[in-house]
Amino acid sequence: MSSGENDHQASDDIPPQPPVTEQQRELAAQAMSEFEKGQFTSCTKTMGLLGDARPTDVKVVHNRSVALFYQSQCRAVDEFRHNIQTVFNMAQISPDLSEKSNIDDADYAVVYYNKAVVLYHEKQHRAALSVLEKLFRYVEPIDEALAQKMMLLLTELYLAVHQPFDAMRMIMNIDKFLSGKSQSSQDKDKDKNDTNYAAAQESLKAKLTLYKVRCNQMAKVMKNKKECKALQGNSQPVNYVKACYEYLKGNWKKAAKMLGNPPNFHISPSNGECLAVMYANNQAVINLCLSKPNLAICQMREALRYNEKAIKEAIPNDKVRPPLQLSYVSQHYLLLYNLGVLQLHSKRPSAAFDCLVECVQVYHRNPRLWLRLAECCIMHYRENNDVDREHKLKLEVMQASVGTGFHHKLILGQGVQRNRKMLSTGGVFPTLSMGFASFCLKNALSQLPVDPLDVKPPPQDEQAESGPPPTDPILVSAEPSNPLRESEVANLRCSILAASTYVSLCENEYYKALAQATNLLRQPNLSPAQRYLGHMYKGEALIALDRIADAVDTLNPENVTDVSSTLPESISDQEKDQERLAENKESLLKWLPASVTVAKALMQYNLAVAYAMRTEYEKALKALTESSEKVGSPIPVQMFYLKLYLDLKQGNKQGAISIISDYFGYISRS
């Protein structure tokens, strides 16, 4: 509620209000006292008497609306929203501050603030942010207490929409605001409430410190431990923020320990948060990093069960509307997104796909989500790089034998492609197909900013006119996750391009695959494994396009020196200190081939195929022999097919018989 009805001054467009009588002043003071004591029914009656005496007073109408809203236990949201609109109409001010209005009368600021509070609790964060950002331009004449609340809400909203640098600037504004009013407030209250004032200031400083740490963690710009150590107390928010810091540093066991024991199920009446949900979710994420994906899945499902329980407790039935702060307690899609990622790491692409597809309706602007969907399709199509070593595929190299004696014939299999799952074209409809994977990867790439390699730098004179570049690092939204930094965007682009090239090869789109592989190889921050894949994919595309000479140059085994999945160092000066937050950059899943020797052997096999396509059978056989000696056991099935092909093309009947006898004797004898 706002106080001081006698301070209201009408604008030129609003009819003047009659003078405030002494009785009306007493009613206003009584209403304020009752409101602060939580006696909302009495406050509503008092405001009704005051409203009868001053029916056209905008402030009285607004304050009565607030009292009625609290009397309904914050349930009558639609009625309150309607009353707020009535206040806007009576005051002849714009509801969204989109046009010039008499907001210079600072008493109207509370109306906009209350509107933003409702939007915040309804999870309409950007709409609330739009209102408060415009209102912040008029912060100077606004009451100090309201201005402080407004800036704190702005900070919370910036964090809710993952804009940590804007939130940090707002925290700096609050610091300046507090330092500016500190002396005057102390002089005014030095004779009374010194203890209360000091306690309030300390509480606010602790809250701002917590905000600063949250901003730094969201932006991943924590450069030292001072701010984190400055957090005092043993409250759940402080413990969880400290655990998050350890998690970002890669100290996962320490992070799990700092989360403490599992909390009892309880819903906060002020904001609807449930610690049991957060605890189970956080433990699941930590266990994923500890290479315990199955345990993580159980914990994430537990978080989903707690979330459903919280919804039922907050909204017991459809007939009675819950309080505003408990109307939107569900974290279903956030938890479902995390569960999908966990299922993918557990090599359950179908279950992961079902979870992630449901999240698209909420997080469709997240490029990582589209990449994860594509990875589900790819894993469903081909689980890993060692499937071609499986014994069941070797059994299909020789399908059968017919005839006896001189007429004995062996029937070769049709190759490994026959065993792969059928591809579907189109791809718009969500199915576990390579066509839909291609669609997802296009969406993922479209959500990233323009590749810096494709941006031409402006002329020097234009650079001078445009001024210095922005100081804030570029952040790309990836809700529900924290925003992506510049280096993370570059790494994500490489992953998307690598997956896109593979999918294009599987769909026999070789020109497209060649262009994507070329784009992948020009990226400056490729991991060694991605660079290796880029050359392999490019060579395969060139072979399919009958550009054998270019393929031979590309498939040079001597160029393979590293196949680790370790991410490269930070690509910008702004992020050099930030990289310490993630010391362990290795992939959570084991990547194959794991050694340089095996990687070279596989490339030699592709080189042998290129030579065979050019009818250079001697070179092909030499490359294949060297490859089979280094590739490890069991030998991939493709090598048997190629060896038999080369022997038959060269008329080496005895060599083919030797291979069949050594590896497929059970067929030849039958």
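The model shown is predicted, which means the values in this text are computed figures rather than measured ones. (Residues numbered from 1 in each chain as written. Predicted model: local features only at pLDDT ≥ 70, side-chain atom pairs only at ≥ 80, totals over all residues. Heavy atoms only, no water.)

## With respect to the overall build of the protein
Logical step 1: Secondary structure summary: the protein contains 28 helices and two strands in total.
Logical step 2: Taking all 670 residues of the protein together, 47% fall into the buried category.
Logical step 3: Within the protein, contacts between residues separated by at least 24 positions form 65% of all contacts whose residues are at least 6 apart in sequence.
Logical step 4: Accessible area of the protein: about 34,700 Å², with a carbon and sulfur share of 52%. (Helix = DSSP H or I, 4+ residues; strand = E, 2+ residues; numbered from the N terminus. Buried < 20%, exposed > 50% of the residue type's maximum accessible area, 1.4 Å probe, protein only. Contact = heavy atoms within 4.5 Å. Areas by Shrake-Rupley, 256 points an atom, 1.4 Å probe, with all protein chains shown as cover.)

## Examining unusual backbone geometry
Logical step 1: Here the bond from Glu-479 into Pro-480 is cis, since omega is 10°, no more than 30 degrees from zero.
Logical step 2: Here Pro-480 lies in the loop between helix H20 (460-466) and helix H21 (486-506).
Logical step 3: Residue Lys-123 is not a glycine yet carries a positive backbone phi of 65°.
Logical step 4: Counting through the fold element by element, Lys-123 comes out in the loop between helix H5 (109-121) and helix H6 (125-135).
Logical step 5: Overall, the relative accessible area of 43% leaves Lys-123 in the partly exposed class.
Logical step 6: In this structure, His-162 takes a positive phi of about 60° despite not being glycine.
Logical step 7: Considering the arrangement of structural elements, one finds His-162 in the loop between helix H7 (144-160) and helix H8 (164-189).

## A few points about the pattern of salt bridges
Logical step 1: If you walk through the whole model with that rule in mind, you get 21 salt bridges.
Logical step 2: A salt bridge links Asp-166 to Arg-169, with the nearest nitrogen and oxygen atoms 2.5 Å apart. With Asp-166 and Arg-169 both in helix H8, this residue pair falls three residues apart, about one helical turn.
Logical step 3: Overall, Asp-166 belongs to the partly exposed group, its relative accessible area being 25%.
Logical step 4: A salt bridge links Lys-212 to Asp-175, with the nearest nitrogen and oxygen atoms 3.4 Å apart. Separated by 37 residues along the polypeptide, Lys-212 in helix H9 (residues 194-219) and Asp-175 in helix H8 bring together distant segments of the chain.
Logical step 5: Owing to a relative accessible area of 25%, Lys-212 belongs among the partly exposed residues under this scheme. (Salt bridge = Lys/Arg side-chain N within 4 Å of Asp/Glu carboxyl O.)

## Some points on the confidence of the model for the protein
Logical step 1: Put simply, the protein has an average pLDDT of 85, and 86% of its residues get 70 or more.
Logical step 2: When mean pLDDT is compared element by element in the protein, helix H22 (residues 510-521) scores highest at 97, while H20 scores lowest at 58.
Logical step 3: Taken as a whole, residues 3-12 scores under 50 in pLDDT and shows 21 contacts with residues more than four places along the chain or in a different chain. (pLDDT = per-residue confidence, 0-100.)

## Observations concerning the environment of Tyr-138
Logical step 1: Structurally, Tyr-138 is set in the loop between H6 and H7.
Logical step 2: For the pair Tyr-138 and Ala-109, spaced 29 residues apart in sequence, the C-alpha separation works out to 8.5 Å.

## Some details on the pairing of strand E2 (residues 409-412)
Logical step 1: Of the strand pairs in this sheet, strand E1 (residues 398-402) and E2 are connected by four bridges, and their pairing is antiparallel. Within E2, the position partnered with Val-402 by the bridge is Lys-409.
Logical step 2: Hairpin connection of E1 to E2: six residues between the antiparallel strands, including Gly-403 at a positive phi of 80°. (Pairing = 2+ DSSP bridges.)

## So, the packing of aromatic side chains
Logical step 1: With the rule as written, the count across this model stands at 15 aromatic pairs.
Logical step 2: Clustering of aromatic rings is evident, with ring pairs tying together Phe-35, Phe-40, Phe-69, Tyr-70 and Phe-80.
Logical step 3: Lying across the ring of Phe-265, Lys-309 places its NZ or CZ 4.4 Å from the centre. (Phe/Tyr/Trp six-rings, centres within 6.5 Å; stacked < 30°, edge-to-face > 60°. Lys NZ or Arg CZ within 6 Å of the ring centre and 35° of its normal.)

## So, the side chain of Asp-388
Logical step 1: Note on placement: Asp-388 falls in the loop between helix H17 (367-381) and helix H18 (391-394).
Logical step 2: Overall, Asp-388 belongs to the buried group, its relative accessible area being 7%.
Logical step 3: Among the polar contacts made by the side chain of Asp-388, one reaches the side chain of Arg-382 at a distance of 2.7 Å.
Logical step 4: A polar contact of 2.6 Å, which involves the side chain of Asp-388, links it to the side chain of Gln-638. (Polar contact = N/O pair within 3.5 Å; in protein donor to acceptor, adjacent residues only side chain to side chain.)

## So, helix H25 (residues 596-613)
Logical step 1: Between its first and last C-alpha atoms H25 spans 26 Å; for 18 residues at 1.5 Å apiece the expected length is 26 Å, and the two agree.
Logical step 2: Of all the residues in H25, the buried ones are Val-598, Ala-599, Ala-601, Met-603, Gln-604, Tyr-605, Asn-606, Leu-607, Ala-608, Ala-610, Tyr-611 and Ala-612.
Logical step 3: At its buried positions, H25 is contacted by helix H23 (528-544), helix H24 (548-554), helix H26 (617-630) and helix H27 (637-649).
Logical step 4: After H25 finishes, the residue Thr-615 shows a positive phi value of roughly 60°. (Expected span 1.5 Å × (residues − 1).)

## Brief notes about H27
Each α-helix turn comprises 3.6 residues. Residues three or four places apart therefore point the same way.
Logical step 1: Its 13 residues place the ends of H27 19 Å apart at the C-alpha level, agreeing with the 18 Å of an ideal helix rising 1.5 Å per residue.
Logical step 2: Turning to H27, its buried residues are Val-637, Gln-638, Met-639, Phe-640, Tyr-641, Leu-642, Lys-643, Leu-644, Leu-646 and Asp-647.
Logical step 3: The first or second residue beyond H27 is Gly-651, which carries a positive phi of 75°.

## Quick notes on the state of the cysteines
Logical step 1: Tallying each qualifying case throughout the model produces zero disulfides.
Logical step 2: This cysteine, Cys-377, is not joined by any disulfide, and Cys-440 carries the nearest cysteine sulfur, 5.7 Å off. (Disulfide = S-S within 2.5 Å.)

## A few points about the environment of Gln-299
Logical step 1: Note that Gln-299 resides in helix H14 (residues 293-314).
Logical step 2: Using a relative accessible area of 15% as the deciding quantity, one classes Gln-299 as buried.
Logical step 3: The residues contacting Gln-299, other than those within four sequence positions of it, are Ala-280, Gln-283, Ala-284 and Asn-287.
Logical step 4: Within the structure, the side chain of Gln-299 is placed 3.4 Å from the backbone nitrogen of Ala-284, a separation counted as a polar contact.
Logical step 5: A polar contact of 2.6 Å, which involves the side chain of Gln-299, links it to the side chain of Asn-287.

## A look at the packing of helix H16 (residues 349-363) against H17
Logical step 1: Contact pair H16 / H17: the axes reach a minimum separation of 9 Å and the direction vectors enclose 155°. Relative to H17, the element H16 is oriented roughly antiparallel. Handedness of the H16/H17 crossing: left-handed. Side by side, H16 and H17 meet where Pro-349, Ala-352, Phe-353, Leu-356, Val-357, Cys-359, Val-360 and Tyr-363 of the first sit next to Leu-369, Trp-370, Arg-372, Leu-373, Cys-376, Cys-377, Met-379 and His-380 of the second.
Logical step 2: Considered class by class, the residues forming the contact of H16 with H17 number 14 nonpolar, one polar and one charged. (Axes fitted to C-alpha atoms, helices over the stretch in contact; angles between N-to-C directions. Parallel < 35°, antiparallel > 145°, perpendicular 65-115°, else oblique. Left-handed = near helix turned anticlockwise from the far one by under 90°. Nonpolar A, V, L, I, M, F, W, Y, C, P; charged D, E, K, R; others polar.)

## Observations concerning the nonpolar core
Logical step 1: Ranked by internal contacts, the top residues of the largest apolar core, which has 87 residues, are Tyr-532 and Leu-646.
Logical step 2: Per element, the largest residue contribution to this core is 10 residues, and it comes from H17.
Logical step 3: Those residues in contact with Leu-646 that sit more than four places away from it in its chain are Ala-612, Tyr-617, Ala-620, Leu-621 and Leu-624.
Logical step 4: Listed in part, the 60 residues of the second largest apolar core include Val-66, Phe-80, Tyr-112 and Leu-157. (Core = buried A, V, L, I, M, F, W, Y, C linked by side-chain atoms within 4.5 Å.)

## Regarding the packing of H17 against helix H19 (residues 434-446)
Logical step 1: Across the interface, H17 lies against H19 with an axial gap of 8 Å and an inter-helix angle of 160°. Taken as axis vectors, H17 and H19 run roughly antiparallel relative to one another. Crossing angle aside, the handedness with which H17 passes H19 is left-handed. For the pair H17 and H19, the contacting residues are Pro-367, Trp-370, Leu-371, Leu-373, Ala-374, Cys-377, Ile-378 and Tyr-381 in the first and Met-434, Phe-436, Ala-437, Phe-439, Cys-440, Leu-441, Asn-443 and Ala-444 in the second.
Logical step 2: Looking at side-chain class alone, the contact of H17 with H19 contains 15 nonpolar, one polar and no charged residues.

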